[in-house]
Amino acid sequence: MPQIQLPVFPAGCTEINSDLAFECRDNEVTYFNGHLPVFRHAADDLASFRFFTTGLIVNGTATQSEIVKAFGVSLTTVKRYTTKYRQSGGKGFFAPAPRRAGTKQI
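Attention in this report is confined to the structure presented alongside it. Because the structure is a prediction, the values reported are computed rather than measured.

Here the focus is the overall build of the protein. A tally of helices and strands in the protein yields four helices and four strands. In the protein, the succession of helices and strands from N to C terminus is β-β-β-β-α-α-α-α. On C-alpha atoms alone, the protein measures out to a radius of gyration of 17 Å, which is more than a quarter above the 13 Å that the 2.2 N^0.38 rule sets for 106 residues. Counting all 106 residues of the protein, 28% fall into the buried class. Considering only residue pairs separated by 6 or more positions, the protein has 33% of its internal contacts joining residues 24 or more positions apart.

Rendered as structure tokens:
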């Protein structure tokens, strides 16, 4: 018979919603689903942060407003990266920015 998993987060975690939380310790951010760690990245790794939080939104695990409230990022930024994820997938966060063409006339 299946057993319901209670959302019991480790001490010091910040709750994203009733199922998800995160903790920043020793310059690493760890995400928890219930009491189980599901993803970890360096605190200064912005691409991994954007990749994972956008994946939560696209998969329906978290809403855009929950990410905005939990991390203090703007809604516009969250929407921009959600669109990027849907268009190019996870590789879009880790690919180098395309070179821009110059406008100088010869």
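Within the secondary structure, Thr54 sits in helix α1 (residues 46–58). If we skip the residues at most four places from it in the chain, Thr54 touches Tyr81, Thr82, Tyr85 and Phe93.

Here the focus is the pairing of strand β3 (residues 28–33). Both strand β2 (residues 20–25) and β3 contribute to a ladder of six bridges, which runs antiparallel. Paired with Phe22 across the strands is Tyr31, a residue of β3. Turn length for the β2-β3 hairpin, with the two strands adjacent in sequence and antiparallel, is two residues, and the turn residue Asp26 shows positive phi of about 55°. Sheet topology note: the β3/strand β4 (residues 36–42) ladder contains six bridges and is antiparallel. Note on β4: the bridge partner recorded for Phe32 is Pro37. Hairpin connection between β3 and β4: a loop of two residues separates the two successive antiparallel strands, and Gly34 in this loop has a positive phi of roughly 70°.

What counts, and where the lines are drawn
- Residues numbered from 1 in each chain as written.
- Predicted model: local features only at pLDDT ≥ 70, side-chain atom pairs only at ≥ 80, totals over all residues.
- Heavy atoms only, no water.
- Helix = DSSP H or I, 4+ residues; strand = E, 2+ residues; numbered from the N terminus.
- Rg over C-alpha atoms; globule rule 2.2 N^0.38 Å.
- Buried < 20%, exposed > 50% of the residue type's maximum accessible area, 1.4 Å probe, protein only.
- Contact = heavy atoms within 4.5 Å.
- Pairing = 2+ DSSP bridges.

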